[in-house]
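Chain residues, written in single-letter form:
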Amino acid sequence: MTDPATTSARRIAVAAPHPAALDAAAEAVAAGGDAVDAALAAAAALTVVYPHQCSIGGDLVALVRRPGQPVTAVVSAGAAPAGIDVAALAREERMPRQGAQTVTVPGVVAGWRAIDALGGRLGLAAPLTHAARLASDGVPVSAGLARTIDVRSAELHADPGMVGVFGDGDGGLLGEGDPLVQPALAATLTELAEDPGAMYSGRIPASIAARLRELGGAHTADDFTAHRAETVAPQESTVGGVRWWVAPPPTQGVVLLGILPEALAADAPDRTAELVDAVHRAALVRQAELGDPRGGAVDVGAMLAPRGPGRVGALPRAGRALGDTVAVTAADDDGTVVTLIQSVYQLFGSGILDPGTGIVLHNRGSAFSTDPAHPGHIGPGLRPPHTLLPVIAETDDLVLGLGCQGGSAQPWILAQVARDLIGPDADPAEVLGRPRFVVGARDLGHEAMTLVAEPGSDDAVAAASLLGLPVARTDGPVDEAGHVQTVRLHADGRLDAASDPRADGRAVVLDAP
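Rules used throughout
Position labels on residues start from 1 in each chain and follow its written sequence. Thresholds applied to this predicted model are a pLDDT of at least 70 for local features of residues and 80 or more for the giving and counting of side-chain atom pairs; totals over whole chains, interfaces and linings are not thresholded and use all residues. Only hydrogens and water are set aside; all other atoms, that is, all heavy atoms of the structure, feed into the side-chain values. Put simply, DSSP H or I for four residues or longer makes a helix, DSSP E for two residues or longer makes a strand, and each gets a number counted from the N terminus. We take the radius of gyration over the C-alpha atoms and set the globule estimate at 2.2 Å times the residue count to the 0.38 power. Per-residue accessibility, obtained with a 1.4 Å probe over protein chains only, is compared with the maximum for each type, and a residue is labelled buried under 20%, exposed over 50%, and partly exposed between these values. Charge convention: Lys and Arg are scored as positive, Asp and Glu as negative, and His as well as the terminal groups of each chain are ignored. Where a charge sits is defined by one atom per residue type, namely NZ (Lys), CZ (Arg), CG (Asp) or CD (Glu). In this scheme Phe, Tyr and Trp rings, the latter by its six-membered ring, pair at centre separations within 6.5 Å, and the angle between planes marks the pair as stacked below 30 degrees, edge-to-face above 60, and tilted otherwise. Expected span of a helix: the number of residues minus one, times 1.5 Å. When we speak of the arc, we mean the arc of directions from the helix axis to the C-beta atoms. Note on contacts: a residue pair qualifies if any of its non-hydrogen atoms lie within 4.5 Å across the two residues. Using protein atoms alone on a 1 Å grid, points that fit a 1.4 Å probe yet trap it form a cavity, whereas open point sets bounded by protein on both sides within 12 Å along at least five of seven lines form a pocket; residues with an atom within 4 Å of a point count as lining. Grid points are joined across faces, edges and corners, and a volume is the space filled by probe spheres set on the points. Under the scheme applied here, ten amino acids are nonpolar (Ala, Val, Leu, Ile, Met, Phe, Trp, Tyr, Cys and Pro), four are charged (Asp, Glu, Lys and Arg), and all others, including Gly, are polar. Paired strands, as defined in this entry, are two strands with at least two bridges between them according to DSSP. Geometry is summarised by axes, namely lines fitted to C-alpha atoms with helices restricted to the contacting stretch, and by angles between N-to-C directions that run from 0 to 180 degrees.

Enquirer: I keep staring at the overall build of the protein chain and nothing clicks. Help me out?
Expert: Scanning the protein chain from terminus to terminus reveals 17 helices and 20 strands. Relative to the compact-globule value of 24 Å for 513 residues, the protein chain shows a C-alpha radius of gyration of 21 Å, a close match. Oriented by its inertia axes, the alpha-carbon framework of the protein chain measures out at about 60 × 55 × 40 Å. Each of the 513 residues in the protein chain was classed as buried or not, and the buried ones make up 62%. Across the protein chain, 36 positive and 60 negative side-chain charges occur, with their mean positions spaced 4 Å apart.

What follows is the structure in structure tokens.
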């Protein structure tokens, strides 16, 4: 998009939800790294400082745009173990929320390797060594982590591995500002710095599989060896004169594409009402249609047109969709844009920390359906419906990298900010600070589909009332409304970035040497 020769010095923009991630990115850039290296360094650091939202025991989905090349999707979503007892689970109404049955093979490290192969200059040894140092030396517990420790205290106390890391030594749990030291994780990260493939062969998977079998899982080291990150063509669409790229199923990117027409509509008195209606319908269609193409046909068309005749009546018994994650976005003035999302799914994932490796394991498998007729049904080697939703958009004026925390609400969160972020004169920090709404049911702690509204979302509240949709008002900004991270590369080579004020992070534009 820009000619590097016309700029006096290279610059790289990064946005992430924790300051330690930005420090790691700055170290990578100072060492000669590009936007790919900056994103990977930030991502590795986050697995240490934000273990309630991401770890190397979770999954990763990313989009990478390199100058002169098509946008590439990296989907490193792990599968259910080969020995999973499908018949026993089919007798249950839903998948369990946590526990060994919800752990699929972690995809993060394989995803990092795939991203690095798309253009990183430094490799993974440096970011993993930096992350190991953070784990060994310790970092202060952030406000966001402290909130989650309090919310999930019962689950943490129930697992010896969790207590060993997040306990205060006196029967309580760590609080904001306390040092979080993770020696077992530091040793694992050091091993991975020598050989990232050790995540899928040898001591690390053997330790994890053994712990999961102790807790009733069916995992073996062979399940880890079988994992591969997919490097695939993204789902692409032109909406509102803007080109959009998202990852394909089993991720929910197509759900965002389905509601963008309402999100990008010209100013009109009923624009918010139309968006709320589209979001409500899209949530129902996604619950009925999203699944893994490995397990059968996925009706992408229904999710791209949520107001069409989709299955929105008596829905199959899908799993829980509550989720959490971190997003990192990075852009280089050479035209590279990276948006990377990694996650343990629900807060602290499965509630299991393997003491032998220090790894928090995700519960992505809780999103499977126990109904064999559902597109998202559980089965050996299948991946569950996935919430991770990185986005790249391009106009004549700029390229936008966008991602957020927010579980299954990610399409609604991103739809509310995308329209203004593609405007070159918009202040991205101001856009991310505006009040938002989300729609969901069990994923937001409600039994019925409900609109959750931050103060200032009066138009959305009114629209929900007209639709007969229950409303839950919050007292202020809430984590459920998402932690959006964004970078923008303008046509003139200018970079800007913003990090959501609901998170603990920030955004920077770094001068490359």
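Enquirer: Please explain the packing of aromatic side chains as it appears in this structure.
Expert: Here a ring pair, both rings aromatic, is described through the centre-centre distance and the interplanar angle of the planes. Counted by the stated rule, this structure contains one aromatic pair. Pairing Phe166 with Phe348 gives two aromatic rings, centres 5.0 Å apart and planes at 65°, and the pair type is edge-to-face. With Phe166 in helix 8 (residues 160-166) and Phe348 in the loop between strand 10 (337-345) and strand 11 (352-354), this residue pair connects regions lying 182 residues apart in the sequence. Summarising the burial analysis for this pair, Phe166 and Phe348 share the class buried.

Enquirer: Help me out: how do you make sense of unusual backbone geometry in this one?
Expert: Keep in mind that most residues, glycine aside, have a negative phi and that most peptide bonds are trans. Pro249 connects to Pro250 through a cis peptide bond whose omega is 25°. Located in the positive-phi region is Tyr345, a residue other than glycine, with phi close to 75°. One non-glycine residue, Phe348, lies in positive phi territory at about 60°. Phe348 gets classed as buried once you look at its relative accessible area, which sits at 1%.

Enquirer: Looking at this structure, I do not really get helix 9 (residues 183-194). What am I missing?
Expert: At 3.6 residues per turn, the α-helix brings residues three or four places apart onto the same side. In this model helix 9 runs 17 Å from its N-terminal to its C-terminal C-alpha over 12 residues, within 8% of the 16 Å that 1.5 Å per residue would give. The complete set of buried residues in helix 9 reads Leu185, Ala186, Thr188, Leu189, Leu192 and Ala193. Viewed along the axis of helix 9, the buried residues span an arc of 165°, placing them on a single side of the element. In this structure, helix 9 carries Pro183 and Glu194 as exposed residues pointing more than 90 degrees from its buried face. The secondary structure elements touched by the buried residues of helix 9 are helix 2 (35-49), helix 4 (108-116), helix 5 (125-137), helix 10 (203-214) and strand 12 (359-361).

Enquirer: Explain helix 15 (residues 410-421) to me, please; I cannot follow it from the model alone.
Expert: Taking 1.5 Å of rise per residue, 12 residues should cover 16 Å, and helix 15 covers 16 Å from first to last C-alpha, within 8% of that figure. When you tally the buried positions in helix 15, you get 10 out of 12 residues, the bulk of the element. When we look at burial in helix 15, the residues that qualify are Gln410, Pro411, Trp412, Ile413, Leu414, Ala415, Gln416, Val417, Ala418 and Leu421.

Enquirer: What's the story with empty space enclosed by the protein in this structure? I'm lost.
Expert: Think of a ball as big as a water molecule: rolled over the atoms, this probe shows where empty space is left. If you walk through the whole model with that rule in mind, you get two cavities of 30 Å³ or more. If you go around the largest cavity, the residues you meet are Thr47, Pro51, Ser55, Ile56, Gln182, Leu185, Leu189, Gly358, Ile359 and Val360. Sorting the residues of the lining of the largest cavity by element identifies helix 9 and strand 12 as the ones contributing at least two each. Partitioning the lining of the largest cavity into residue classes produces six nonpolar, four polar and no charged. Roughly 30 Å³ of volume is contained in the second largest cavity. Lining the second largest cavity we find Arg436, Phe437, Val438, Val452, Ala453, Glu454, Thr474, Val478 and Ala481. Secondary-structure elements contributing two or more residues to the lining of the second largest cavity are strand 15 (437-440) and strand 16 (450-453). Taken together, the residues of the lining of the second largest cavity break down into six nonpolar, one polar and two charged.

Enquirer: Just to check I follow, could you spell out the sheet that holds strand 8 (residues 242-246) for this structure?
Expert: Two orientations exist for strands paired in a sheet by backbone hydrogen bonds: parallel and antiparallel. Strand order in this open sheet of six strands is 7-8-13-14-18-19, and the pairing throughout is antiparallel. One side of each edge strand has no neighbouring strand; the edge strands of this open sheet are strand 7 (235-239) and strand 19 (495-499). On average, adjacent strands in this sheet sit at an angle of 15° to one another, irrespective of strand direction. As paired strands, strand 13 (residues 391-394) and strand 14 (residues 398-405) are joined by four bridges and run antiparallel to one another. When the sheet's bridge partners are listed, Val391 is paired in strand 14 with Leu402. With respect to the sheet, helix 15 is in contact with strand 8, strand 13, strand 14 and strand 18 (483-490), its orientation differing from that of strand 14 by roughly 150°.

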